[in-house]
Amino acid sequence: MLSRILILTITTFVVGPMFALVHAQGTIQGEVYDAETEEPLPGATVEVPELNLGTTTDDQGFFYFEDLEPGSYEVAIGFVGYLEESYDVELDQGETVELEIILEEDVMGLDEVVVTGLGIREDADRTQASVGRVDADDITVDANIGEVSQLISGNIAGVSAQASSGNIGSGIRFNVRGGGGLGGDGQPVIYVDGTRIDNEEIGGFDAGGQGVSALAELNPDDIASVDVIRGPAGAAIYGTEGGNGVVLIETQRGDFFDDPTMNVQYSGTFGYQSQGRQYDEDLYGTADDANALFSDGPIRDHNLGVSGGAESYRYYAAVQNRQEEGMIPRTEGNRTSLRGNFEVFPTDDVNIQVNANYTHNNMHRPDNDNNVQGYLGNTLLNPVSYLNTDSTAINQMEDIQRVNRFVGSLSASWTPVENLTISATGGYDASSRRQDRTRPAGFAYSGIGVDGDRNIYNRINNQANFESQVQYDYRLSDRIQATSLVGGQFTDITRRINFGTSQGFGTDLLVGAGVAADITDFNESLLNTRRGGIFAQQQFRIDETYTLSALIRRDVASALGEGVSDVWYPSFNASAELSNLEVTPEIFTQLQPRVSYGETGELPSVADGIPLQFTGVAASGGSGGIISSIGRDDILPERIREVEAGIDIGIGDNFMLDATYWYNWADDSIIDVPLASSTGFGFQDLPQNVGSIESQGFESSLSFSPFVSEAARFDVDLTYSYQTNEVLDLGEDVDEFYDGFNRNVIKEGLPRQAFFLQEIKGPVFDDNDEVIVRPDGNIEIESSEERRKIGQPIPNHTGGLRLNLTMFQNLNLGAFAEYATGHQMYNSTAGFAAL
């Protein structure tokens, strides 16, 4: 009996206080609503930072935290596309605090999250370097987008992307802050869902210099957002891949719900593309024949998408078929794209993403541009149309490209302990491209007669990339929050090309390449490049206001010679969110000055680091080897340094201004210096690190809503950019060098690729004041002896204006205009026609 009383007493004194303590704990709960619709917001994130607690709202917008110690807490609420809110809560013992939270739509992007490199996400108000962003849904809802360049140009300050021709699937040429350094092609590196993709402009058997873009296989309707890291100050984390900027594309995702949910969406486009401007009879005597080639080209685009998710997974799957015909004959495209994106949380600490896309693309390309066998070449270049090639023969030519492409990635992140995240991404881009170009027998073609020819070009490109990083967030004190990041990156590209030409079929009934009388050309090539790097970054956040960070990266690459083991790139950044300070007027929702410095590079060409390279040739006396290139084993990558300073200003809920000044300069640019024939190496060039160039510019974007009411809203988005550059040094052995047409020059004191030509004074007259005609039938032209700069192809001023009117919540009216000035275009067609 005594033992039972003792046990009961002990239980009362031990369990009793614990029971009282549990019931003394408090609860914070509430509901989250949309301010305009007053509907609950499921999936909103709710956090208590002091306790490192977080949750998401259920399908009724409800959340709760229970068993909380009494005290003072901040409750922070966020949802994609809405302004963040925070509440200060005093919680007493046993109390339940009820919150009703109203979130306003973030139409200005004040709480936007941007991707700052290698999948690392940051709030826009914590980003020190300038990152341009466009949400694709804001654009595709108003217009049908045929290819990715239409999402970027005019929508991101300092970045333009244009098609290299009017053909379907034509090459896309980017210009990011003037094109980076002096070396390289000026094109940025592009990632899609973590996969480094092939974005070359592919010529194959050129139809007058009209390349085809490897980006033509990407369905714009699958794109959710595009982030562009515009210069070395922000792209230093990419090392030698970031010299010309980095484009980060993310595709669509589903949503998380408490219960399994599925959404099905279909969109269809039926339209036409038409000739924008007719050729002028005053400039082209045969303009009517050229204009007669054009007709409205129909566009048929069908998209079917399925998205959804539950509490621990989400998905997005889509199929697209786009058929379009060009405005001139024998121009068409048929693209079918399949995409599947899946994301799953098998546990609270593990996240896995799988992204896959397969595309089959057929494109028909006409002969055009610099081509006497093409439509426009035969209707514009001579006084009489079809003087070089008959129209019937042109109509029989075929140039077909068939592409099969797979792009996929697998990403995983793991949080083994609180605030420590380990993540990795593997990406793979595999494409097979075949071009068949046929000029059938029985028709006369310049250079091959009437027996016809067949050209076959095969390009197989496989590239893989792997990235991993470890990130740890921690507090050094109540005022200082720190983030440490270490990681690595590796890329491997293998490309095989083989091509051949057969001539002499005799009849149009025979088209197989193996039955021709002669195989006039056949060859193959293999390219393999590898590059990789490791990096470490340290960031400090002080008083939730001041942000400082520093980064160092070490790179290695197969393009470096044996005398260069590695290269190092640093970066430093700082920013201050002054709107958090009490002295700042409350009208400013964001007031953030920022400054950054960073270095990146541009790798040498594949063979530049090899002292002596040979290639095989076939000749009448047998096969043998000849010197194909001379290199230096101590060749360095071009180093590009950049300083940028900017400010982000938000006023109220409907005004946002971003402004950035940048200055960059490149040293150790690689210049091919001709070798004297007395060296015994023949007519070869030796690459040397002697070039340099400087560039500077200004970028700005402005978003505001001059009219907002319950019934309607009018939004304005404006971008403006200015840039200029100058070549500083080409070394002692090179004065200037030109492009293949001897028009664009790289010359000290001039902008990159300036038009540097003799000035045309006019026709030459004889003693009878009649124009002198040369024996070849062309007019004798008098020009100056000295060349001078007559223009430049890169615009000084670029920008765009987007207007959107929303009425009755579901009616949208939009307009977009893009502009570029301060540049010139060289019209070779008009020049030939004038002779």
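As the structure is a computational prediction, the values presented were derived from the model and not from experiment. (Residues numbered from 1 in each chain as written. Predicted model: local features only at pLDDT ≥ 70, side-chain atom pairs only at ≥ 80, totals over all residues. Heavy atoms only, no water.)

Description of the overall build of the protein chain
So the rule is basically this: What counts as a helix is a DSSP run of H or I of at least four residues, what counts as a strand is a run of E of at least two, and both are numbered from the N terminus. Only C-alpha atoms enter the radius of gyration, while the globule expectation follows 2.2 Å times N to the 0.38, with N the number of residues. A 1.4 Å probe rolled over the protein chains alone gives each residue an accessible area, and that area as a share of the maximum for its type sets the label: buried under 20%, exposed over 50%, partly exposed in between. By definition in these notes, contact holds between two residues if any of their heavy atoms fall within 4.5 Å. The accessible surface values rely on the Shrake-Rupley method and a 1.4 Å probe; as for residues, cover is taken only from the protein chains in view. Asp and Glu count as negative and Lys and Arg as positive, but His and the ends of the chain are not part of the count. Taken as the charge centre is NZ of Lys, CZ of Arg, CG of Asp or CD of Glu, depending on the residue.
Helix and strand content of the protein chain: eight helices and 43 strands. Taken over the C-alpha trace, the protein chain has a radius of gyration of 31 Å; the compact-globule value for 835 residues is 28 Å, and the two agree within 12%. The principal-axis extent of the C-alpha atoms belonging to the protein chain is close to 130 × 60 × 55 Å. Counting over 835 residues, the protein chain shows a buried share of 45%. Contacts spanning at least 24 positions in sequence make up 65% of the contacts within the protein chain whose residues lie at least 6 apart. Entry remark: accessible area of the protein chain is about 40300 Å², with carbon and sulfur atoms responsible for 53%. Treating the 48 positive side-chain charges of the protein chain as one cloud and the 128 negative ones as another, the clouds have centres 8 Å apart.

With respect to the confidence of the model for the protein chain
It should be kept in mind that the predicted coordinates are not to be read in detail where pLDDT is low. The test is simple: pLDDT is a per-residue confidence score from the predictor, ranging from 0 to 100.
Per-chain confidence: the protein chain averages 85 in pLDDT, with 91% of residues scoring 70 or above. Every residue in residues 1–23 is under pLDDT 50, and counting partners more than four places away or in other chains gives three contacts.

Quick look at the nonpolar core
Basically, it comes down to this: In this text, buried Ala, Val, Leu, Ile, Met, Phe, Trp, Tyr and Cys residues form a nonpolar core when linked through side-chain atoms within 4.5 Å.
Counting residues in hydrophobic clusters, the biggest one holds 22 residues, and the most contacted among them are Val148, Phe174, Ile190, Leu215, Ile223, Val226 and Ile249. Excluding anything up to four places from it in sequence, Ile223 contacts Ala136, Asp137, Val148, Leu151, Leu218, Ile249, Glu250, Thr251 and Gln252. Counting 19 residues, the second largest nonpolar core, distinct from the first, contains Val46, Phe63, Leu68 and Ile101.

Regarding the packing of aromatic side chains
Using the following cut-off: To pair, rings of Phe, Tyr and Trp, with the six-membered ring standing in for Trp, must have centres within 6.5 Å; the planes then decide the type, stacked if under 30 degrees apart, edge-to-face if over 60, and tilted in the middle. Put simply, a charge is over a ring when the Lys NZ or the Arg CZ is close to the ring centre, within 6 Å, and near the line of the ring normal, within 35 degrees.
Throughout the structure, instances matching the rule amount to nine aromatic pairs. Where Tyr279 meets Tyr284, the ring centres are 5.7 Å apart and the plane angle is 85°; that geometry is what we call edge-to-face. A relative accessible area of 24% places Tyr279 in the partly exposed class. Taken together, Tyr279, Tyr284 and Phe294 form an aromatic cluster joined through their ring pairs. Directly above the aromatic system of Tyr272 lies the positively charged group of Arg300, at a separation of 5.4 Å from the ring centroid.

Digging into the environment of Glu98
In plain terms, the rule: Side-chain atoms alone can form a polar contact between residues adjacent in sequence; in general such a contact is a pair of N or O atoms within 3.5 Å, and within protein one must be able to donate a hydrogen while the other accepts it.
In this fold, Glu98 is placed in strand β7 (residues 96–103). Glu98 gets classed as exposed once you look at its relative accessible area, which sits at 54%. A sequence separation of 67 residues divides Glu98 from Glu31, and the C-alpha atoms of the two residues are 8.4 Å apart. A polar contact of 2.4 Å, which involves the side chain of Glu98, links it to the side chain of Gln29.

Some thoughts on the sheet that holds strand β41 (residues 781–791)
The line we're drawing: Any two strands between which DSSP finds at least two bridges are classified as paired. Interaxial angles span 0 to 180 degrees and are taken between N-to-C directions of axes, which are lines fitted to C-alpha atoms, for helices over the stretch in contact.
With antiparallel pairing, four strands are arranged side by side in an open sheet as β38-β39-β40-β41. Every interior strand has two partners, whereas the edge strands, β38 (736–738) and β41, have only one. Averaged over neighbouring strand pairs, the angle between their axes works out to 35° when direction is ignored. Sheet topology places strand β39 (residues 744–747) next to strand β40 (residues 754–763); two bridges connect them, and they run antiparallel.

Some details on the side chain of Arg437
Within the secondary structure layout, Arg437 lies in strand β25 (residues 420–439). Reaching out from Arg437, the side chain makes a polar contact with the side chain of Asp367 at a distance of 2.8 Å.

A closer look at the pairing of strand β3 (residues 53–56)
On a regular strand, each side chain points to the face opposite its neighbour's, so the side chains alternate between the two faces of the sheet. With four bridges connecting them, strand β2 (residues 45–48) and β3 associate as antiparallel partners. Bridging across to β3, Thr45 finds its partner in Thr56. From the end of β2 to the start of β3, which pair antiparallel, there are four residues, and Asn52 there has a positive phi angle of about 55°.

Thoughts on the environment of Ala607
Tracing the backbone through its elements, the reader meets Ala607 in the loop between β31 (588–602) and β32 (612–619). Classification of Ala607 as buried rests on a relative accessible area of 18%. With 48 residues separating them in the primary sequence, Ala607 and Ala559 have C-alpha atoms 7.0 Å apart. Not counting the four nearest positions on each side in its chain, Ala607 is found in contact with Gln613, Ser629 and Gly631.

Some details on the sheet that holds strand β1 (residues 26–34)
Taken in spatial order, the three strands of this open sheet run β4-β1-β7, and their pairing is mixed. Edge positions in the sheet fall to β4 (62–68) and β7, since each of these pairs with one other strand and no more. Sheet twist, expressed as the mean angle between neighbouring strand axes with direction ignored, is 15°.

A word on a negative patch on the surface
The criterion, for reference: Note on patches: the residues involved have over 30% relative accessible area and no salt bridge, like charges join within 9 Å, and the nonpolar side chains Val, Leu, Ile, Met, Phe, Trp and Tyr join within 5 Å. A side-chain nitrogen of Lys or Arg and a carboxyl oxygen of Asp or Glu constitute a salt bridge if their distance falls within 4 Å.
A cluster of like negative charges, contributed by Glu36, Glu104, Glu105, Asp653 and Glu710, occupies part of the molecular surface. Here Asp653 is to be found in the loop between β34 (638–651) and β35 (655–674). Exposure remark for Asp653: the relative accessible area of 45% places this residue in the partly exposed category.

Things to note about the environment of Lys747
Structurally, the position occupied by Lys747 is in strand β39. Overall, the relative accessible area of 22% leaves Lys747 in the partly exposed class. Taking the C-alpha atoms as reference points, Lys747 and Phe270, separated by 477 residues in sequence, lie 49 Å from one another. Not counting residues up to four positions away in its chain, the partners in contact with Lys747 are Val727, Leu730, Asp735, Glu736 and Phe756.

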